[in-house]
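# Per-entry structural report
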Amino acid sequence: MTLHMDVDDVRSGGAGLRGLAPGAQNAPRRVEGPSRSAADRNGGFATGEAGTRWQAALAAVASGVERRLDWQGEQVVGSADDLESADAENGTRFKDIQGDLPAGPTR
Amino acid sequence: MPTYQDALSAEPSQFVDYAAQMTAAANDLTAHQGEYGEQVAQINVHWKDTANDAFNGDVSKVNAHVAQVVGEVNGAAAGLSAAGAQMAAECAMLNLADAALKAAGFDVQPAPLVTLGAVQRIAIAAAGPFGAVVEAALQAQAAAGTAGLQALLSLVNAADAAAGAALSAAADLLKPLDDKTGTGDENRDLKKAADHSGTGTEEEPSEEDEEAVEEEAEEETEEEQEEPAEETPQPESAQQTPGQGEMPQTPDMEDFAPEVPELDNPWETAELPDPEEFGGGLASGGGLGGGAGAGLGGAPNPGGLATGTGTVAPGALAPGAAAPVPAKASAGAGGRSGMGGMMGGGGRGGGAKNEDETARESNLTEDPDEDVWGIGSDDDPYA
């Protein structure tokens, strides 16, 4: 299997995902005012209350998407950090092994 | 359920506006999804491995979820828009009827109930002997007006109830994604798999295991100390104590050392031991981690066979990752072995320690005096 990662690009991509996450709130924010206005100006109408509920449900969905995107970005950044640290760790290990090899003439 | 006064003062067009904003919100979600897709594509250009596959699997779930939400939002918007328009029309008709009745001199009570107004009562009084006829005609008009208003109000109520129920159902359909609060188990697994040193990231043994391992180590150390150095020639690195061991692969070498009988002279074991000494059976250590090696004991031994098995920590499953700790535990499961122990000891060949050829030879059962192999006394290094 091909394994490949441009660590810096992936890390910045993960950060980009995290930055993108709050954009999910644009949708519920857009309907927040109209839902409240429709409920206030149509007192007694079940539709007004339902509209408020619907907006809250959409906000919850958007929050879920926002959290998931933020989590994905965090995982992507973590994967990049992990691979980088694993690479550094392996390098250190090989250096240690190299240093432990007895020096001197070979038989 | 709105009352008559609620219906008169309502602005159902607000619902239509709300529905329009819902549609715009769906477009916002779609636009956000597009940006998300671009970001993911940019990440994928620079990343290919199983973790990336898992990431894209999760991305697909998010995309499917958002697409479903967009569809539900658009559906709710369409329903609310139609219901809002209907209610707006019905409320407008209600207002027109109310205004027409009031213009005709009727009073409209909140029930709604249309009654005769003051001007009409004056007209009835002015009609003289025809007053009763005029009153009856006006009362009939009032009753018809009441019926008309109630019918219109019921239509508004029905439309509101239907729209409210539909919007509530649409709200119930909007389920947020499950939160993922983990910190990345796959990353921890990756670290475990990447750690080939066998130290640091493996699971800590329990206290009982630690005690057992310590006891084994003490016994084996004592045995090794009793052995003359010349009888167990080993590589220099293997003769180092754990504290002196500098090679990363051999910090725990003594824990895995084969259990060599306490012998001053390896040929002394040429005679078969008393079977009762090995009542517990002969055993050998396991192979690498999960390997199970069976030591073949002598036939008279009542215990027969015993096996040592090792378990491998999940993190040690990566290729090339030896499992020294499980192997150590399995090595200790064997009793003091004679020939069988040595045979079983071969199961650890893949471990971090070399074969002890001298110890293997020391357990041959042939009588050395017979020179069965045709080795002259001059060539016998043990002579």
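Residues numbered from 1 in each chain as written. Chains lettered and ligands numbered in written order. Predicted model: local features only at pLDDT ≥ 70, side-chain atom pairs only at ≥ 80, totals over all residues. Heavy atoms only, no water.

## Points about the overall build of chain A
Check the secondary structure of chain A and you find 3 helices and 1 strand. Looking at chain A as a whole, 44% of its 107 residues qualify as buried. Contacts in chain A between residues far apart in sequence, at least 24 positions, make up 85% of those at least 6 positions apart. Counting only carbon and sulfur atoms, one obtains 51% of the accessible surface of chain A, whose full area is about 5500 Å². (Helix = DSSP H or I, 4+ residues; strand = E, 2+ residues; numbered from the N terminus. Buried < 20%, exposed > 50% of the residue type's maximum accessible area, 1.4 Å probe, protein only. Contact = heavy atoms within 4.5 Å. Areas by Shrake-Rupley, 256 points an atom, 1.4 Å probe, with all protein chains shown as cover.)

## With respect to the interface of chain A and chain B
Taken together, the contact between chain A and chain B spans 60 residues of the former and 73 residues of the latter. Its largest share of buried area at the contact with chain B, chain A owes to Phe45, Trp54 and Arg68 of chain A, together 14% of the area lost on that side. In this assembly, chain A and chain B are joined by 5 salt bridges. Between glutamate 11 of chain B and arginine 41 of chain A there is a salt bridge; the shortest N-O distance is 3.5 Å. Where chain A touches chain B, the interface holds 23 residue pairs in polar contact (both at pLDDT 80 or more). For the side of chain A that touches chain B, the secondary-structure elements that each account for two or more residues are strand 1 (4–5), helix 1 (7–20), helix 2 (26–40) and helix 3 (46–100) of chain A. Looking at which element gives the most residues to the side of chain A that touches chain B, the answer is helix 3 of chain A, with 29 residues. Its residues assigned to classes, the side of chain A that touches chain B shows 26 nonpolar, 23 polar and 11 charged. In the sheet, strand 1 of chain A pairs with strand 1 (residues 47–48) of chain B via 2 bridges, with the strands oriented antiparallel. Bridge pairing links methionine 5 of chain A to tryptophan 47 of chain B in strand 1 of chain B. (Buried area = accessible area lost by both parts, 1.4 Å probe. Salt bridge = Lys/Arg side-chain N within 4 Å of Asp/Glu carboxyl O. Polar contact = N/O pair within 3.5 Å; in protein donor to acceptor, adjacent residues only side chain to side chain. Nonpolar A, V, L, I, M, F, W, Y, C, P; charged D, E, K, R; others polar. Pairing = 2+ DSSP bridges.)

## Section: the confidence of the model for chain B
Residue and element names in this part refer to chain B. Considering every residue of chain B, the mean pLDDT works out to 68; 47% of them sit at 70 or more. Per-element averaging of pLDDT across chain B places strand 5 (residues 292–295) at the bottom with 38 and helix 2 (residues 13–45) at the top with 97. For residues 226–246, every residue scores under 50 in pLDDT, and the model assigns this stretch 26 contacts once sequence neighbours within four places are set aside. A low-confidence stretch, residues 265–270 stays under pLDDT 50, and its non-local contacts, those more than four residues away or across chains, total 13 contacts. (pLDDT = per-residue confidence, 0-100.)

## A few points about unusual backbone geometry
Note the cis peptide between alanine 111 of chain B and proline 112 of chain B, where omega equals 5°. Structurally, the position occupied by proline 112 of chain B is in the loop between strand 2 (107–109) and strand 3 (113–115).

## Observations concerning the pattern of salt bridges
Residue and element names in this part refer to chain A. Scanning the entire structure with this criterion turns up 13 salt bridges over all chains. Put simply, arginine 11 and glutamate 84 hold a salt bridge, and the shortest N to O gap is 2.8 Å. Of this pair, arginine 11 sits in helix 1 while glutamate 84 sits in helix 3, and the two are 73 residues apart along the sequence. With relative accessibility at 22%, the residue arginine 11 sits in the partly exposed group. Glutamate 84 sits in the partly exposed class, given a relative accessible area of 39%. For glutamate 89, the salt bridge goes to arginine 93, with nearest N and O atoms at 3.5 Å. With a gap of 4 residues between them, glutamate 89 and arginine 93 both fall in helix 3, about one helical turn apart.

## Remarks on the packing of aromatic side chains
Under the criterion given, the structure shown has 3 aromatic pairs over all chains. Ring centres of tryptophan 54 of chain A and tyrosine 18 of chain B lie 6.4 Å apart, and the angle between their planes is 80°; on these two criteria the pair is classed as edge-to-face. Taken together, the residues tryptophan 54 of chain A in helix 3 and tyrosine 18 of chain B in helix 2 connect one chain to another. Take tryptophan 54 of chain A: its relative accessible area is 0%, and that puts it in the buried class. Overall, tyrosine 18 of chain B belongs to the buried group, its relative accessible area being 1%. (Phe/Tyr/Trp six-rings, centres within 6.5 Å; stacked < 30°, edge-to-face > 60°.)

## Let's talk about the environment of alanine 171 of chain B
For alanine 171 of chain B, the location among the structural elements is in helix 5 (residues 131–173). Taking the C-alpha atoms as reference points, alanine 171 of chain B and alanine 76 of chain B, 95 residues apart in sequence, are found 8.7 Å from one another.

## Describing the nonpolar core
By size, the foremost hydrophobic cluster in this structure holds 69 residues, and its most contacted members are Trp54 and Leu58 of chain A together with Met22, Tyr36, Phe55, Val73 and Leu94 of chain B. The set of elements that each furnish at least two residues to this core consists of helix 1, helix 2 and helix 3 of chain A together with helix 1 (4–9), helix 2, helix 3 (50–103) and helix 5 of chain B. Excluding residues within four positions of it along the chain, valine 73 of chain B makes contact with Trp54 and Leu58 of chain A together with Met22, Ala26 and Leu29 of chain B. (Core = buried A, V, L, I, M, F, W, Y, C linked by side-chain atoms within 4.5 Å.)

## Topic: the side chain of serine 168 of chain B
Here serine 168 of chain B lies in helix 5. Within the local environment of serine 168 of chain B, its side chain forms a polar contact with the side chain of arginine 53 of chain A, the two groups lying 3.4 Å apart. When sequence neighbours within four positions are dropped, the list of residues in contact with serine 168 of chain B reads Ala50 and Arg53 of chain A.

## A closer look at the packing of helix 3 of chain A against helix 3 of chain B
Relative orientation of the contacting elements helix 3 of chain A and helix 3 of chain B amounts to 165°, with a least axis distance of 11 Å. Taken together, the axis directions place helix 3 of chain A and helix 3 of chain B in an arrangement best described as roughly antiparallel. For the pair helix 3 of chain A and helix 3 of chain B, the crossing hand works out as left-handed. Residues Thr47, Trp54, Leu58, Val61, Val65, Arg68, Leu69, Trp71, Gln72 and Val76 of chain A of helix 3 of chain A touch helix 3 of chain B, and the partners they reach there are Phe55, Asp58, Val59, Val62, His65, Val66, Val69, Val73, Ala76, Leu80 and Met87 of chain B. (Axes fitted to C-alpha atoms, helices over the stretch in contact; angles between N-to-C directions. Parallel < 35°, antiparallel > 145°, perpendicular 65-115°, else oblique. Left-handed = near helix turned anticlockwise from the far one by under 90°.)

## Considering the side chain of glutamine 120 of chain B
Residue and element names in this part refer to chain B. The residue glutamine 120 is located in helix 4 (residues 118–126) in this model. A polar atom in the side chain of glutamine 120 sits 2.8 Å from the backbone nitrogen of glycine 117. With residues near it in sequence (within four places) discarded, glutamine 120 still touches Ala104, Gly105, Phe106, Thr115 and Leu138.

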